[in-house]
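# Reading the structure
Chain residues, written in single-letter form:
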Amino acid sequence: MIAALFPGQGSQSVGMAQDFYDSPAAKTLLDRAEQALPGLLKLMWQGPEEELKLTANQQPALVAAGVAAFAAYLEAGGAMPQFAAGHSLGEFSAHVAAGSLDISEAIPLVHHRGKYMQEAVPAGLGAMAAVMKADKAQILAVCQQVSEGSSIAEIANLNSPDQTVISGEAKAVQAASEVLKGLGARLVPLNVSAPFHCSLMQPAADKLALDLAKINFKPMQIPVLANVTAAPILSEADIAQLLKEQVTSSVRWTELIENLAALGVKTYLEFGSGKVLAGLVKRIIKDKDIMIMSISDKASLAEALSVLGRIG
């Protein structure tokens, strides 16, 4: 079985998805993304890169790139995956791939999501850090220890057994980092514009909920796994609430991938920009029989189709 994975971060470099524009299926999606957010394709293909990396622009660019790669893959004869999932923002891309969210609605939705998240916490007041060599219970205990009032540090991403990301008010994240270092953990501060996936994002979640309420989510053609539950979404009626909760909740990526493995998935295809998710899957599943490939341009698409053709 195959799972389609969509990143919430990646290589937001000028030229992303341009390689797929000669695929009629991908071109249709990219043109509709441009219609929904005029200027998006020019920004993706010509930059400037600093503007492309702004959260409000980065989010629609990543969705457009991910679904364009997916469309090109299907058009080239790739088998329809049995499941779809996305890391953070990538969950929106997964819904487009599954048919539950239209690209013309997804692009403005994530553009607004990016704006709301940036506005929720003034620049410089929030922070995020990746934690290695510490388990979830230990990290959670330290975060609770340093949190007081509005100065909070929380677990944002459970990316792999050896990588957890904490997020929150900058002073609290710094305090948690120092305590964790003293316990033998390794900390890497992240260069982010806001403290994502923590309770400080509640204003963004509330604003996004109003936009989500206007969307008519359609039946999923394949099951989508939610970040909040790490499990397949049971009903289209639950999608809006899960996407709202995701803004302030931990991304349970390790558990989500373990659940896909338990469902029998042996092939993981990452669509979009970069190889972030492929790397995480390799660190989560220690099974030599699984296959993990990233598709971000025509060359990687051709390679993936060749490998899949040989095994299938």
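Overview of the structure. Keep in mind that this is a model prediction, so the values were computed, not measured.

### Considering the environment of leucine 243
The residue leucine 243 is located in helix H10 (residues 239-246) in this model. A C-alpha to C-alpha distance of 8.0 Å links leucine 243 and glutamate 91, two positions 152 residues apart in sequence. When neighbours within four sequence positions are excluded, leucine 243 is seen to be in contact with Glu91, Phe92, His95, Leu208, Leu212 and Phe217.

### Concerning the sheet that holds strand S7 (residues 224-225)
As summarised here, the arrangement of the five strands in space is S7-S2-S1-S8-S9, forming an open sheet in which the pairing is parallel. One side of each edge strand has no neighbouring strand; the edge strands of this open sheet are S7 and strand S9 (291-295). Here strand S2 (residues 83-86) pairs with S7 via two bridges, running parallel. Bridged to alanine 85 within S7 is leucine 225.

### Some points on the sheet that holds strand S3 (residues 126-132)
In spatial order, the strands read S4-S5-S3-S6; together these four strands make up an open sheet with antiparallel pairing. Since the sheet does not close on itself, it has two edges, and those belong to strand S4 (153-160) and strand S6 (186-189), each with one partner. Taking the axes of each pair of neighbouring strands and ignoring which way they run, one obtains an average angle of 25° across the sheet. Examined bridge by bridge, S3 and S6 share four bridges and lie antiparallel to one another. Bridge assignment links alanine 129 to a residue of S6, and that residue is proline 189. In the packing of helix H8 (residues 170-182) onto the sheet, the strands contacted are S3, S4, strand S5 (163-169) and S6, and the crossing angle to S5 comes to about 140°.

### What about the packing of aromatic side chains?
The final tally for this structure, using the stated rule, is six aromatic pairs. Ring geometry for phenylalanine 6 and phenylalanine 70: centres 5.9 Å apart, planes at 65°, overall edge-to-face. Of this pair, phenylalanine 6 sits in strand S1 (residues 2-6) while phenylalanine 70 sits in helix H4 (residues 55-75); the two residues are 64 residues apart in sequence, bridging distant segments of the chain. Residue phenylalanine 6 is classed as buried on the basis of its relative accessible area, which comes to 0%. Overall, the relative accessible area of 5% leaves phenylalanine 70 in the buried class. Pairing tyrosine 21 with tryptophan 45 gives two aromatic rings, centres 5.1 Å apart and planes at 70°, and the pair type is edge-to-face. Of this pair, tyrosine 21 sits in the loop between S1 and helix H1 (24-36) while tryptophan 45 sits in helix H2 (residues 40-46), placing them 24 residues apart in sequence. Residue classification places tryptophan 45 among the buried residues on the basis of a relative accessible area of 17%. Clustering of aromatic rings is evident, with ring pairs tying together Phe6, Phe70, Tyr73 and Phe271.

### Some words on unusual backbone geometry
Glycine 47 connects to proline 48 through a cis peptide bond whose omega is 10°. Structurally, proline 48 can be placed in the loop between H2 and helix H3 (49-52). The residue alanine 17 is not glycine, and still its phi comes out positive at about 75°. Alanine 17 gets classed as buried once you look at its relative accessible area, which sits at 6%.

### Quick look at the side chain of aspartate 211
Along the chain, aspartate 211 falls in helix H9 (residues 202-212). No salt bridge forms around the buried aspartate 211; measuring N to O, its nearest opposite-charge neighbour lysine 214 is 4.3 Å away. Residues in contact with aspartate 211, not counting those within four places in the same chain, are Leu109, His112 and Tyr116.

### So, the nonpolar core
With 77 residues, the main nonpolar core has Met44, Phe92 and Phe271 as its most contacted residues. The greatest single-element share of this core, amounting to twelve residues, is contributed by H4. For phenylalanine 92, the contacting residues outside a window of four places in its chain are Val63, Leu101, Leu109, Val110, Arg113, Leu208, Leu212 and Leu243. With 21 residues, the next largest nonpolar core counts Phe83, Ala85, Leu225 and Ile292 among its residues.

### Regarding the pattern of salt bridges
In the structure shown here, the tally under the stated rule is ten salt bridges. Of the charged contacts in the structure, one is a salt bridge between aspartate 206 and lysine 244, with a shortest N-O distance of 3.9 Å. Remark: lysine 244 occurs in helix H10 and aspartate 206 occurs in helix H9; sequence separation between them is 38 residues. Exposure remark for lysine 244: the relative accessible area of 23% places this residue in the partly exposed category.

### Section: the pairing of S5
Burial analysis of S5 places seven of its seven residues in the buried class, the great majority of the element. Where S3 lies against S5, six bridges are found, and the strand directions are antiparallel. The partner of alanine 127 across the bridge, within S5, is glycine 168. Where S4 and S5 come together, six bridges link them in antiparallel fashion. Within S5, the residue paired with serine 160 across the bridge is glutamine 163.

The rules behind these values
- Residues numbered from 1 in each chain as written.
- Predicted model: local features only at pLDDT ≥ 70, side-chain atom pairs only at ≥ 80, totals over all residues.
- Heavy atoms only, no water.
- Helix = DSSP H or I, 4+ residues; strand = E, 2+ residues; numbered from the N terminus.
- Contact = heavy atoms within 4.5 Å.
- Pairing = 2+ DSSP bridges.
- Axes fitted to C-alpha atoms, helices over the stretch in contact; angles between N-to-C directions.
- Phe/Tyr/Trp six-rings, centres within 6.5 Å; stacked < 30°, edge-to-face > 60°.
- Buried < 20%, exposed > 50% of the residue type's maximum accessible area, 1.4 Å probe, protein only.
- Lys, Arg positive; Asp, Glu negative; His and termini not counted.
- Salt bridge = Lys/Arg side-chain N within 4 Å of Asp/Glu carboxyl O.
- Core = buried A, V, L, I, M, F, W, Y, C linked by side-chain atoms within 4.5 Å.

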